[in-house]
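Given next are the chains, with one letter for each unit.
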Amino acid sequence: MYVDTHCHLTPSFYKDKVFEVAKRAYDENVKLIITIGTNLIDSVECIEISKKLNYVYAAIGIHPHDTKNINGFDDILKLMKLAKDNKKVVAIGEIGLDFFKNYSPQDVQERYFRMQINAARELNLPIIIHDREAHDEVYKILKEEKAYEVGGVFHCYSGDYDFAKKIFDLNFLVSFPGTITFKKNKEKAESLIKKIPLDKILTETDAPFLTPEPFRGKQNEPMHVKYVAKKIAEIKKLDEIEVCKKIIENVKSLFGFEGKLNID
Ligand SMILES: [Zn+2]
Ligand SMILES: [Zn+2]
């Protein structure tokens with residue numbers, strides 16, 4: 001049984017194929033999917049899909065790229081209302097900093113990152129972090145805004161082992177996508193995953209992006225999360241079923257508070 005804790009399963013990416021894609025994943029034993037919002041409109045789409053499929057949950061938030069379009073604190077209040085009104089919202093995300101693309105000014109990214117951390121704390125929801133080339137800044141803000149009170153996960157983890165240890169102390173986990181199957185990442189992924197304890201790891205696809213081997217070149221789908229789990233098992237020389245069980249436990253303890261997830 002697999003879990004995809006981070007994908008973008010919305011009509012913006014899959015047009016009228018959303019339910020087909022979801023079903024394909026379910027039929028391939030992906031028994032839990034979290035679809036991730038990147039702005040207010042997209043977050044509403046995620047919620048709508050989560051309401052229609054019992055194995056799909058939603059995270060809602062404003063991605064650093066989209067912070068330049070935020071309409072002040074009003075939009076944060078709207079986000080909070082959406083989270084309060086919808087039981088299947090299990091996290092605030094994806095939020096964070098992207099100093100690689102810099103599609104939004106850095107000070108704007110930081111301001112709304114802080115506001116959304118505080119929203120998550122008020123809602124008592126974990127946080128899904130997008131951190132690209134901004135490790136130190138993200139870490140500093142998480143600490144200052146007391147994000148450890150709710151915890152969360154760094155999705156598409158791109159830091160090293162030393163940084164991972166620091167974020168574990170802040171009550172955060174790391175999540176790996178299909179890029180760990182890429183040949184060019186072999187050494188880096190192997191040495192990192194070998195060292196990271198299994199109880200700190202989640203699996204994701206970030207679909208429709210980051211298609212794993214052997215499907216590179218095609219649009220990614222949540223069903224491909226199994227290649228991530230297989231790769232982790234292979235690197236750690238563990239039984240794949242054991243790895244999947246442990247990852248489900250991790251997912252339950254992070255997102256499954258108050259019986260939010262129906263997964264056994
Ligand atoms: Zn991201
Ligand atoms: Zn994403």
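Provided above is the structure to which this section pertains.
For the structure given in this document, a descriptive report is provided here.

**A few points about the sheet that holds strand E1 (residues 2–7)**
Alright, step 1. Across the sheet, eight strands lie side by side as E1-E2-E3-E4-E5-E6-E7-E8; this open sheet has parallel pairing. Edge positions in the sheet fall to E1 and strand E8 (201–203), since each has one partner strand and no second. When the angles between neighbouring strand axes are averaged without regard to direction, this sheet yields 30°.

**Overview of the coordination of the zinc ion (ligand 1)**
Alright, step 1. Binding of the zinc ion (ligand 1) to the protein goes through Glu94 (OE), His130 (ND1) and His155 (NE2), at separations of 2.0 to 2.1 Å.
Alright, step 2. Considered as a linear motif, the donors of the zinc ion (ligand 1) on their single chain read E-x35-H-x24-H.
Alright, step 3. A separation of 3.5 Å is found between the zinc ion (ligand 1) and the zinc ion (ligand 2), which are bridged by Glu94. One end of the pair, Glu94, is in strand E4 (residues 89–98); the other, His130, is in strand E5 (residues 127–132), with 36 residues separating them in the sequence. For the pair shown, Glu94 and His130 are each scored as buried.

**Regarding the nonpolar core**
Alright, step 1. By size, the foremost hydrophobic cluster in this structure holds 75 residues, and its most contacted members are Leu142, Phe176 and Phe255.
Alright, step 2. It is helix H5 (residues 106–123) that contributes the most residues to this core, seven residues altogether.
Alright, step 3. Ranked by size, the runner-up nonpolar core spans 19 residues in total, among them Leu9, Ile33, Val56 and Ala207.

**As for the coordination of the zinc ion (ligand 2)**
Alright, step 1. Around the zinc ion (ligand 2), the protein contributes the donor atoms His6 (NE2), His8 (NE2), Glu94 (OE) and Asp206 (OD), which lie 2.1 to 2.4 Å from the metal centre.
Alright, step 2. In this structure, the zinc ion (ligand 2) is coordinated by four donor atoms arranged in irregular fashion, with angles at the metal of 86 to 177°.
Alright, step 3. Going along the chain, you hit the donors of the zinc ion (ligand 2) in the pattern H-x1-H-x85-E-x111-D.

**What to know about the side chain of Gln109**
Alright, step 1. Of note, Gln109 is situated in helix H5.
Alright, step 2. With residues up to four places along the chain from it excluded, the contact list for Gln109 reads Pro64, Thr67, Gly96, Leu97, Asp98, Phe99, Asn102 and Ser104.

**Side note on the packing of aromatic side chains**
Alright, step 1. Across all of its chains, the model carries eight aromatic pairs by this definition.
Alright, step 2. Ring geometry for Phe13 versus Phe209: centroids 5.4 Å apart, planes at 80°, classification edge-to-face. Remark: Phe209 occurs in the loop between E8 and helix H9 (225–236) and Phe13 occurs in helix H1 (residues 11–14); sequence separation between them is 196 residues.
Alright, step 3. Look at Phe209 and you get partly exposed, because its relative accessible area is 38%.
Alright, step 4. Relative to Tyr227, the ring of Phe215 lies with its centre 5.3 Å away and its plane at 65°, an arrangement referred to as edge-to-face. In this pair, Phe215 sits in the loop between E8 and H9 while Tyr227 sits in helix H9, placing the two residues twelve residues apart along the sequence.
Alright, step 5. For Phe215, a relative accessible area of 22% corresponds to the partly exposed category.
Alright, step 6. Among the residues examined, Tyr227 registers a relative accessible area of 22% and is labelled partly exposed.
Alright, step 7. An aromatic cluster of at least three residues, connected via ring pairs, comprises Tyr139, Phe154, Tyr157, Phe163, Phe172 and Phe176.
Alright, step 8. Stacked on the ring of Phe182, the Lys or Arg Arg216 has its end atom at 3.6 Å from the ring centre.

**A look at H5**
Alright, step 1. Between the first and last C-alpha of H5 there are 26 Å, a value that for 18 residues agrees with the 26 Å anticipated at 1.5 Å per step.
Alright, step 2. Within the span of H5, buried status applies to Val108, Gln109, Tyr112, Phe113, Gln116, Ile117, Ala119, Ala120 and Leu123. Buried residues of H5 fall within an arc of 165° about the axis and therefore sit on the same side. Seen from the buried face of H5, the exposed residues on the opposite side, beyond 90 degrees, are Asp107 and Glu122.
Alright, step 3. Residues of H5 that are buried sit in contact with helix H4 (72–85), E4, E5 and helix H6 (135–144).
Alright, step 4. Two residues or fewer after H5 comes Asn124, characterised by a positive phi angle close to 60°.

Reading guide: rules and limits
- Residues numbered from 1 in each chain as written.
- Chains lettered and ligands numbered in written order.
- Predicted model: local features only at pLDDT ≥ 70, side-chain atom pairs only at ≥ 80, totals over all residues.
- Heavy atoms only, no water.
- Pairing = 2+ DSSP bridges.
- Helix = DSSP H or I, 4+ residues; strand = E, 2+ residues; numbered from the N terminus.
- Axes fitted to C-alpha atoms, helices over the stretch in contact; angles between N-to-C directions.
- Donors = N, O, S within 2.8 Å, 3.2 Å for Na, K, Ca; no water.
- Buried < 20%, exposed > 50% of the residue type's maximum accessible area, 1.4 Å probe, protein only.
- Core = buried A, V, L, I, M, F, W, Y, C linked by side-chain atoms within 4.5 Å.
- Tetrahedral: all angles 85-135°; square planar, octahedral: opposite > 155°, others 65-115°.
- Contact = heavy atoms within 4.5 Å.
- Phe/Tyr/Trp six-rings, centres within 6.5 Å; stacked < 30°, edge-to-face > 60°.
- Lys NZ or Arg CZ within 6 Å of the ring centre and 35° of its normal.
- Expected span 1.5 Å × (residues − 1).
- Arc of directions from axis to C-beta.

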